[in-house]
Amino acid sequence: MTVYSRIVGTGSYLPGEPVDNETLARRLAADGIETSDEWIVARTGIRQRYLAGPDVTTSQLATEAARRALDAAGLQAGDIDLIVLATSTPDWVFPSAACLVQKALGAPGCAAFDVQAVCSGFVYAMATADALIRAGNARNALVIGAETFSRILDWSDRGTCVLFGDGAGAVVLQASPEPGILASRLHADGSHESILRTAGNVSGGNITGHPFLTMDGQAVFKLAVGVLDSVARETVAAAGLELGSIDWLIPHQANVRILKSTAKKLGLPPERVVVTVDRHANTSAASVPLALDAAVRDGRIRPGHHVLMEGVGGGFTWGAVLARM
Ligand code: ACO
């Protein structure tokens, strides 16, 4: 019998209280950095973000999101036989954040590893877990996107620090005789590594290179709009469907202008695009599962709906996963 994978539960977690643009602008002004709610909203659509406290780690956010996804699926931690966690801000160099989540959940023995594809990470993780389930290597996988991007932001660079937030989202992907994940496509082009990167490391007990995120915003914008269009078309075609049968588009939540351009190019009405960037800002690998969980819990996404999830980010990486819920 052919085995497929299906999403059977979603969950998410955001740390602390939201920090709105005006509050952030006041904090930055104290250090002589000028920005405003008007600038941030007009250029990005972002109105607020969540920022993890100094003692809160990526694996803690991931664990909370995973618990909520397990509850939604009606499963226990012991039922999980695979954990794939997408992050670029793991707690440590090693062990992986996935292993720390496994320890916190109390699910020893199952495979656990991190995937690093920056803002495309969740889509990469979903495609990986789907392939492992279809190959018979797992039956109940936790797929998580979790980040504490606030740790790698240069708070004196107003061109980047206003854009990002912290958070986590998770799904339980389960083996099923009925297809849930209909198709996925992944891509990367490392020749664009310099337009978006955190080019630092730990070496000899010191930080080497530059430990903060740097970005050529306009180059990222142009590339993102192009690849989000092409990979959406490629993935929908791979599933043998038409764009018109997509009920919900969930692109990586970087910037509301990118979301609108993507939907317009694809000919999808704006009301079929899930937008959370206004509330969450850009949470990198967490953005797609956070948006998915929001739309599942508020009742927009319902069983049988076709949901196209798209990632794009540093690497340069991009990809999409098409799911029937
Ligand atoms: N507040 C006020 N002014 C600002 C701020 C700020 N926070 N940041 C930059 N400015 C100023 C600049 O200094 C510049 O001033 P100048 O004209 O006097 O030199 C002016 O605003 C315009 O700056 P640009 O960088 O050209 O602004 P742009 O219109 O390109 O918008 C932005 C910048 C929002 C980053 C845009 O390029 C963008 O959305 N890029 C997409 C990249 C993105 O979303 N990245 C997220 C991560 S990547 C990913 O997730 C795929």
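What you see is a predicted model; the values in this text were computed from it and never measured. (Residues numbered from 1 in each chain as written. Predicted model: local features only at pLDDT ≥ 70, side-chain atom pairs only at ≥ 80, totals over all residues. Heavy atoms only, no water.)

Chemist: Hey, could you go over the overall build of the protein chain for me, with residue numbers and the actual values?
Modeler: Helix and strand counts for the protein chain stand at 10 helices and 15 strands. What you see for the protein chain is a C-alpha radius of gyration of 19 Å, in line with the 20 Å of a compact globule of 325 residues. With respect to the three principal axes, the spread of C-alpha positions in the protein chain is 65 × 45 × 40 Å. Here the protein chain holds 325 residues, and the buried ones make up 53% of them. Within the protein chain, contacts between residues separated by at least 24 positions form 77% of all contacts whose residues are at least 6 apart in sequence. A total accessible area of about 13500 Å² is found for the protein chain, and carbon and sulfur atoms account for 51% of it. Of the charged side chains in the protein chain, 27 are positive and 32 negative; the average position of the first set lies 4 Å away from that of the second. (Helix = DSSP H or I, 4+ residues; strand = E, 2+ residues; numbered from the N terminus. Rg over C-alpha atoms; globule rule 2.2 N^0.38 Å. Buried < 20%, exposed > 50% of the residue type's maximum accessible area, 1.4 Å probe, protein only. Contact = heavy atoms within 4.5 Å. Areas by Shrake-Rupley, 256 points an atom, 1.4 Å probe, with all protein chains shown as cover. Lys, Arg positive; Asp, Glu negative; His and termini not counted. Charge placed at Lys NZ, Arg CZ, Asp CG, Glu CD.)

Chemist: Describe helix α5 (residues 121–134), and please don't skip the residues or the numbers.
Modeler: Between its terminal C-alpha atoms α5 stretches 20 Å, which fits the 20 Å expected from 14 residues at 1.5 Å a residue. Burial analysis of α5 places 10 of its 14 residues in the buried class, the great majority of the element. Within the span of α5, buried status applies to G121, F122, V123, Y124, A125, M126, A127, A129, D130 and I133. Downstream of α5 by a residue or two, G136 has a phi angle that is positive, lying close to 85°. (Expected span 1.5 Å × (residues − 1).)

Chemist: Report on the environment of A86, specifying residues and quantitative values.
Modeler: On the secondary structure map, A86 appears in strand β4 (residues 82–86). On a C-alpha basis, the gap between A86 and V8 in space is 19 Å, while along the polypeptide they are 78 residues apart. The residues contacting A86, other than those within four sequence positions of it, are V115, G121, F122, A125, I144, G145, A146 and A285.

Chemist: So what's going on with the site of the ligand? Residues and values would help.
Modeler: Every one of the 25 residues lining the ligand counts as a neighbour, but T35, R43, Q218, H252 and N255 are closest to it. The separation between an oxygen atom of the ligand and a polar side-chain atom of Q218 is 2.8 Å. Between N255 and the ligand, the recorded distance is 2.4 Å, taken from a side-chain N or O atom to an oxygen atom. Contributions of two or more residues to the shell around the ligand are made by α2 (37–44), α6 (158–161), α7 (217–238), α8 (256–266) and β14 (306–313). Class assignment for the residues of the shell around the ligand results in 12 nonpolar, nine polar and four charged. (Near = heavy atom within 4 Å. Polar contact = N/O pair within 3.5 Å; in protein donor to acceptor, adjacent residues only side chain to side chain. Nonpolar A, V, L, I, M, F, W, Y, C, P; charged D, E, K, R; others polar.)

Chemist: Kindly report on the pattern of salt bridges, identifying the contributing residues and their values.
Modeler: If charged atoms from side chains of opposite charge come close, those side chains can pair. Applying the stated rule across the entire model yields seven salt bridges. Where R233 meets D229, a salt bridge forms, and the shortest distance between an N and an O atom there is 3.2 Å. Here D229 and R233 lie together in helix α7, a separation of four residues that amounts to about one turn. On the basis of relative accessible area, R233 is assigned to the partly exposed category, the value being 38%. (Salt bridge = Lys/Arg side-chain N within 4 Å of Asp/Glu carboxyl O.)

Chemist: Quick one: what's the story with the sheet that holds strand β8 (residues 181–188), residue by residue and with numbers?
Modeler: With mixed pairing, four strands are arranged side by side in an open sheet as β8-β15-β14-β13. Of all strands in the sheet, those bounded by a partner on one side alone are β8 and β13 (248–251). Within this sheet the neighbouring strands show an average axis-to-axis angle of 10°, counted without direction. Here β8 runs beside strand β15 (residues 317–324); their pairing, made up of seven bridges, is antiparallel. From the neighbouring strand, A188 faces β15, where its bridge partner is T317. Packing against the sheet, α7 makes contact with β8, β14 and β15, and its axis sits at approximately 145° to β14. Strands in contact with α8 are β13 and β14; relative to β13, the strand with the most contacts, it is inclined by about 140°. (Pairing = 2+ DSSP bridges. Axes fitted to C-alpha atoms, helices over the stretch in contact; angles between N-to-C directions.)

Chemist: Account for unusual backbone geometry, with residues named and values stated.
Modeler: Cis rather than trans, the peptide bond between F94 and P95 has omega equal to -5°. Counting through the fold element by element, P95 comes out in the loop between β4 and α4 (97–105). Between G315 and the following residue, F316, the backbone shows a cis peptide bond with an omega angle of 0°. Mapped onto the fold, F316 is located in the loop between β14 and β15. For V118, which is not glycine, the phi dihedral falls at a positive 50°. Inspection of the secondary structure puts V118 in the loop between β5 (111–115) and α5.

Chemist: Lay out the domain arrangement of the protein chain with the relevant residues and their values.
Modeler: Under the domain assignment used here, the protein chain contains domain 1 (4–178) and domain 2 (182–324). The gap between the C-alpha centroids of domain 1 and domain 2 is 14 Å. In this complex, domain 1 contributes 48 residues to the contact, which on the side of domain 2 involves 43 residues. Taken together, both faces of the contact between domain 1 and domain 2 bury some 3400 Å²; the carbon and sulfur share is 65%. Of all residues in domain 1, the largest losses of buried area upon contact with domain 2 belong to C119, V123 and Y124, amounting jointly to 18% of the total for that side. (Domains from an automatic or database assignment. Buried area = accessible area lost by both parts, 1.4 Å probe.)

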